[in-house]
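Residues per chain, in single letters:
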Amino acid sequence: MPLIAMTREMGSLGKDVAAGVAARAGKRVVYHEIIEPIASKMRLRKSHVERFLDGRSGIWERLTTDRTSLSIFTADETFRFLRDGSTCVIRGWGAVHLLRNIPHVIRVRVCAPLETRITRMMERLATGSRETVESEIQMSEEAHTAITKRHFGVNWRDPELYDLVLSTERLSVDECVEEVEGMMRRKCFQETPESVRMVDNLSTEWSVRSALLRDERTKATHFTVHCDGGTATLAGVVDTDDEALAAGEVAAGVEGVMKVDNQLKAASSAGSRFRREG
């Protein structure tokens, strides 16, 4: 079955569309479920990570959130859910961009004009403060823009990033759900052995990256990781032979890795120090 990666704007009813698609498929929507394991791996409070990704974090939260770790752990958890047969929709958290090359993932954006969304949010929150609601929407979208630009180098509003763009200004939630279901029946979005293999390889690769980042011996190293058919290939330069050995040990302990091709070179062995940039 195809999987839906969805981006929605605050007040667009995207949450309702996602729930409708999942209900008809007899499966679930993944959204908040990703936050808890990310927070655990980063040793942060769940609310800290949620506020950062929603664009509601204060300066202390922004300073104490490692964006590289956040990116790697988010990718790792997203691919875990992609392999979970109970999941139908992954909403938010960059899933559209992380999964853009997976053939059986349908990328959907749910949107609506700003004025429509402001009116809906005012009604939902039972408030007469238009300025407050508009400010909240703008803050959320600015954060989304910054995160997707930083981590994926894209503008999330670009329609070319999506297979389907739905406006709820004139379409009802049910009509949007029907449009998504129609896409899910298309032959080009069905799983194939090749697309499943791609998911398995990328999922294992991000799991290896995540494990390397969590291990004290390898968290500061930077090198290439590539996984294919259960073989994890590590290539690049590290400071010492011990780091190269540790990286191989960490990769070998990751679920799905059956063999490690450790091509890492130690700069110290060649009599020089490797200087990592940035």
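Residues numbered from 1 in each chain as written. Predicted model: local features only at pLDDT ≥ 70, side-chain atom pairs only at ≥ 80, totals over all residues. Heavy atoms only, no water.

> If you had to explain the overall build of the protein chain to someone new, which residues and values would you point to?
Check the secondary structure of the protein chain and you find eleven helices and eight strands. In the protein chain, once contacts between residues fewer than 6 apart in sequence are set aside, the share between residues at least 24 apart is 70%. Accessible area of the protein chain: about 14400 Å², with a carbon and sulfur share of 48%. (Helix = DSSP H or I, 4+ residues; strand = E, 2+ residues; numbered from the N terminus. Contact = heavy atoms within 4.5 Å. Areas by Shrake-Rupley, 256 points an atom, 1.4 Å probe, with all protein chains shown as cover.)

> Quick one: what's the story with the sheet that holds strand β3 (residues 87-91), residue by residue and with numbers?
Pairing is parallel across the open sheet formed by five strands, whose spatial order is β2-β3-β1-β4-β5. Every other strand in the sheet has two partners, leaving β2 (28-30) and β5 (164-167) as the edge strands with one partner each. Direction aside, the axes of adjacent strands within the sheet are offset by 25° on average. In terms of strand pairing, strand β1 (residues 3-8) meets strand β4 (residues 105-111) through six bridges, oriented parallel. Residue pairing in the sheet places Ala5 in a bridge with Arg107 of β4. Across the face of the sheet, helix α9 (residues 173-184) comes into contact with β1, β3, β4 and β5 while running at roughly 170° to β5. (Pairing = 2+ DSSP bridges. Axes fitted to C-alpha atoms, helices over the stretch in contact; angles between N-to-C directions.)

> Any details on the nonpolar core? Residues and values, ideally.
Among the nonpolar cores identified, the biggest contains 21 residues, and Ala5, Phe79, Leu82, Ile90, Leu99, Ile102 and Val105 are the most heavily contacted of them. At the level of elements, β1, α5 (67-82), α6 (95-98) and α10 (193-214) are the ones that each hand at least two residues to this core. Tallying contributions element by element places α5 first for this core, with four residues. For Leu82, the residues in contact, after removing those within four places along its chain, are Leu3, Ile90, Leu99, Ile102, Val105 and Val199. The next biggest cluster of nonpolar side chains, apart from the first, holds 19 residues, and it includes Val21, Leu166, Cys176 and Val177. (Core = buried A, V, L, I, M, F, W, Y, C linked by side-chain atoms within 4.5 Å. Buried < 20%, exposed > 50% of the residue type's maximum accessible area, 1.4 Å probe, protein only.)

> Can you lay out the packing of helix α7 (residues 114-125) against helix α8 (residues 130-152) for me, pointing to particular residues and giving the numbers?
Working note: a packed helix pair is described by the angle between its axes plus the distance between those axes. In the contact formed by α7 and α8, the axes pass within 9 Å of each other and the chain directions differ by 115°. The two elements α7 and α8 cross, and the hand of that crossing is right-handed. Of the residues in α8, those touching α7 at Leu114, Glu115, Arg117, Ile118, Met121, Met122 and Leu125 are Arg130, Val133, Glu134, Ile137 and Glu141. Looking at the contact of α7 with α8 residue by residue, the class counts come to seven nonpolar, no polar and five charged. (Left-handed = near helix turned anticlockwise from the far one by under 90°. Nonpolar A, V, L, I, M, F, W, Y, C, P; charged D, E, K, R; others polar.)

> Account for the sheet that holds strand β6 (residues 224-228), naming residues and giving values.
Strand order in the open sheet formed by three strands is β6-β7-β8, with mixed pairing between adjacent strands. On the outer flanks of this sheet lie β6 and β8 (259-266), each paired with one strand and no other. Here the average twist between neighbouring strands, direction ignored, is 10°. Relative to β8, helix α11 (residues 241-252) is tilted by about 160°, and along the sheet it contacts β7 (231-238) and β8.

> Give a detailed account of the environment of Leu13, specifying residues and quantitative values.
If you trace the backbone, Leu13 turns up in the loop between β1 and α1 (14-25). A C-alpha to C-alpha distance of 7.5 Å links Leu13 and Val110, two positions 97 residues apart in sequence. When neighbours within four sequence positions are excluded, Leu13 is seen to be in contact with Val110, Arg120, Arg124, Thr168 and Val173.

> Describe the packing of aromatic side chains, listing the residues and the values that go with them.
Applying the stated criterion across every chain, the model contains zero aromatic pairs. Over the ring of Trp206 we find Arg209, and its NZ or CZ is 5.4 Å from the ring centre. (Phe/Tyr/Trp six-rings, centres within 6.5 Å; stacked < 30°, edge-to-face > 60°. Lys NZ or Arg CZ within 6 Å of the ring centre and 35° of its normal.)

> Which residues make up α8, and what values do they have?
Its 23 residues place the ends of α8 32 Å apart at the C-alpha level, agreeing with the 33 Å of an ideal helix rising 1.5 Å per residue. Positive phi appears at Gly153, one or two residues downstream of α8, with a value of about 65°. (Expected span 1.5 Å × (residues − 1).)

> An account of the environment of Asn101 is requested, with residue identities and associated values reported.
Within the secondary structure, Asn101 sits in the loop between α6 and β4. A relative accessible area of 55% means that Asn101 is categorised as exposed. Residues Asn101 and Ser195, spaced 94 residues apart in sequence, show a C-alpha to C-alpha distance of 9.3 Å.

> I'd like to hear about a negative patch on the surface, residue by residue, with values.
Residues Asp174, Glu175, Glu178 and Glu179 make up a contiguous surface patch of negative charge. According to the relative accessible area criterion, Glu178 is partly exposed, its value standing at 44%. (Patch = residues over 30% accessible without salt bridge, like charges linked within 9 Å, V, L, I, M, F, W, Y side chains within 5 Å. Salt bridge = Lys/Arg side-chain N within 4 Å of Asp/Glu carboxyl O. Lys, Arg positive; Asp, Glu negative; His and termini not counted. Charge placed at Lys NZ, Arg CZ, Asp CG, Glu CD.)

> Tell me what's going on with the pairing of β3, and back it up with residues and numbers.
Two faces make up the sheet, and in a regular strand the side chains alternate between them. Of all the five residues making up β3, five are buried; the element is thus mostly covered by neighbouring parts of the structure. Bridge analysis of β1 against β3 gives three bridges, and the strand direction is parallel. Within the sheet, the bridge partner assigned to Ile4 lies in β3 and is Val89. Of the strand pairs in this sheet, β2 and β3 are connected by three bridges, and their pairing is parallel. Paired with Val30 across the two strands is Ile90, which belongs to β3.

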